[in-house]
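What follows is the residue order along each chain.
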Amino acid sequence: MSDATSRTTAEMFSLDDFVHGRPERIIHAAKSPKILIVWHHGNEELGPRAARHIFTQRPDLAPHVDYLCGDPQGAATQSPAAVLGYDVNRSYLPADGPASYAQQRAQEILAVIRAGNYDFVLDLHTAVGEQEQFFIVTQELTPLIKKAVGASPITKVVAMPDFVTRKTLIGYAPNAVAFEVNEKFSQTPQAVQEVASIIEVLVGKAAPTPLSRDIFYVDTLVPKDQDPGEDAENFKLCRDGYYPIILGTGRHAYRNDPTKDYACFGAKRKETLVL
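A brief report on the enclosed structure follows. (Residues numbered from 1 in each chain as written. Predicted model: local features only at pLDDT ≥ 70, side-chain atom pairs only at ≥ 80, totals over all residues. Heavy atoms only, no water.)

1. Comments concerning the pairing of strand S3 (residues 65-69)
The side chains of a regular strand alternate between the sheet's two faces. The test is simple: Using a 1.4 Å probe on the protein chains alone, a residue whose accessible area is under 20% of its type maximum counts as buried, one over 50% counts as exposed, and one in between counts as partly exposed. A run of H or I in DSSP becomes a helix once it reaches four residues, and a run of E becomes a strand once it reaches two; helices and strands are each numbered from the N terminus. When DSSP finds two or more bridges between a pair of strands, those strands are recorded as paired.
Buried residues dominate S3, accounting for five of its five residues. Of the two faces of S3, the one carrying Val65, Tyr67 and Cys69 and the one carrying Asp66 and Leu68 are both buried. As paired elements, strand S1 (residues 25-26) and S3 share two bridges and run antiparallel to each other. Paired with Arg25 across the bridge in S3 is Leu68. Inspection of the sheet shows strand S2 (residues 35-39) paired to S3 by five bridges, in the parallel sense. Bridge pairing links Leu36 to Asp66 in S3.

This is how it looks when you write it as structure tokens:
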């Protein structure tokens with residue numbers, strides 16, 4: 001992990017610097033509650049865009065926020081996991097033998113989180129497909145997770161099972177939630193503002209608005225040879241009796257990713273809660 005920089009130094013970096021993994025880390029959170037923004041995939045820009053906006057445009061929020069680029073090697077080339085051949089956010093399961101680069105990064109990220117004593121960790125992602133924004137959490141909906149979800153206008157929540165989360169950040173950091181937006185929306189000012197609005201609520205600068213949230217409990221990986229088809233839609237019950245989750249099109253979609261043997265996640269149960 002390279003040396004962290006301050007907010008003052010961070011302002012010297014352009015948006016292009018941020019999306020290419022420079023600076024790698026910013027330590028500026030001096031006030032409680034403390035929040036860490038982290039992003040794992042080099043071709044996903046919501047994390048660096050949101051962090052730079054907060055450090056340069058939101059002096060009221062910046063004292064609560066730290067920042068970490070989870071994969072500076074991938075960010076340098078803005079390459080997706082399918083091209084890189086590794087995925088830091090699928091590398092949190094401790095290695096039995098010598099650790100790969102991705103496994104080393106995952107453990108370094110956990111060390112930063114534990115040392116930082118953060119109240120919340122926002123793991124920002126870009127999802128394939130045209131679906132609206134959603135959260136990914138563990139299936140244990142703790143009060144902390146409910147508070148993070150309730151701080152947002154997002155009404156869809158994907159609760160992942162242990163066989164998925166044991167490889168990812170949210171399985172090892174109970175104060176972490178993953179936030180997914182689609183690729184086009186991720187590069188808009190509205191997406192950045194949505195992240196800022198979540199932080200506003202979490203630090204007490206705005207009041208939460210209780211909303212009905214649909215919780216989709218994932219229980220399976222859908223094999224590529226059982227792809228629900230081009231007419232299936234995310235979060236809508238398909239003819240095979242489940243809700244497809246992160247079902248996308250295009251070259252970065254799971255169904256077209258050679259590193260994955262599944263087309264999407266599947267959830268058979270949906271629950272509606274007011275959070």
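2. Some points on the packing of aromatic side chains
Note the following rule: Pairing of aromatic rings covers Phe, Tyr and the six-membered ring of Trp, with a centre-to-centre limit of 6.5 Å; geometry is then stacked below 30 degrees between planes, edge-to-face above 60, and tilted otherwise. Lysine NZ or arginine CZ positioned within 6 Å of the ring centre and within 35 degrees of the ring normal marks a charge as sitting over the ring.
Taken as a whole and assessed by the stated rule, the structure comprises ten aromatic pairs. For the pair Phe216 and Tyr243, a centre-to-centre distance of 5.2 Å together with 75° between the ring planes defines the contact as edge-to-face. With Phe216 in strand S8 (residues 212-223) and Tyr243 in strand S9 (residues 243-245), the pair connects residues that are 27 residues apart, well separated along the chain. Each member of the pair, Phe216 as well as Tyr243, carries the same accessibility label: buried. An aromatic cluster of three or more residues is present, and its members are Phe134, Phe216, Phe235 and Tyr243. In this structure, Lys156 packs its charged tip against the face of Phe235, placed 5.8 Å from the ring centre. When the ring centre of Tyr217 is taken as origin, the NZ or CZ atom of Arg269, which lies over that ring, is 3.8 Å away.

3. What about the pattern of salt bridges?
Cut-off, in case you're wondering: Any Lys or Arg side-chain nitrogen located within 4 Å of an Asp or Glu carboxyl oxygen qualifies as a salt bridge.
Under the criterion given, the structure shown has eleven salt bridges. Across the pair Arg49 and Glu45 runs a salt bridge whose closest N-O atoms are separated by 2.9 Å. Since its relative accessible area comes to 14%, Glu45 is described here as buried. A salt bridge links Lys260 to Asp257; the shortest N-O distance between them is 3.2 Å. A single burial state applies to Lys260 and to Asp257, both of which are buried. Put simply, Glu24, Arg105 and Glu108 are held in one network by salt bridges that share partners.

4. Some words on the nonpolar core
Inside soluble globular proteins, nonpolar side chains tend to come together where they are buried. Stated formally: Each nonpolar core is a collection of buried residues, namely Ala, Val, Leu, Ile, Met, Phe, Trp, Tyr and Cys, held together in the definition by side-chain atoms within 4.5 Å. Residues count as neighbours in contact if any of their non-hydrogen atoms are within 4.5 Å of one another.
Ile37, Tyr67, Leu124, Phe135, Val137, Phe179 and Ile199 are the most contacted members of the largest nonpolar core, which totals 45 residues. Sort the elements by how many residues they give to this core and helix H10 (residues 189-202) lands first, with seven residues. If near-sequence neighbours (up to four positions away) are discounted, Phe179 is found in contact with Leu46, Asp123, Leu124, His125, Gln133, Phe134, Phe135, Ile154, Glu194, Val195 and Ile198. In this structure, Tyr86, Phe216, Ile245 and Tyr262 belong to the second largest nonpolar core, which totals 35 residues.

5. Let's talk about helix H3 (residues 46-57)
Just so we agree on the cut-off: By this rule the span expected of a helix is its residue count minus one, scaled by 1.5 Å.
Helix length check: H3, at twelve residues, gives a terminal C-alpha distance of 16 Å against a target of 16 Å (1.5 Å per residue), a fit within 8%. Inspection of H3 places Leu46, Gly47, Pro48, Ala50, Ala51, Ile54 and Phe55 among the buried residues, and these make up the whole buried set.

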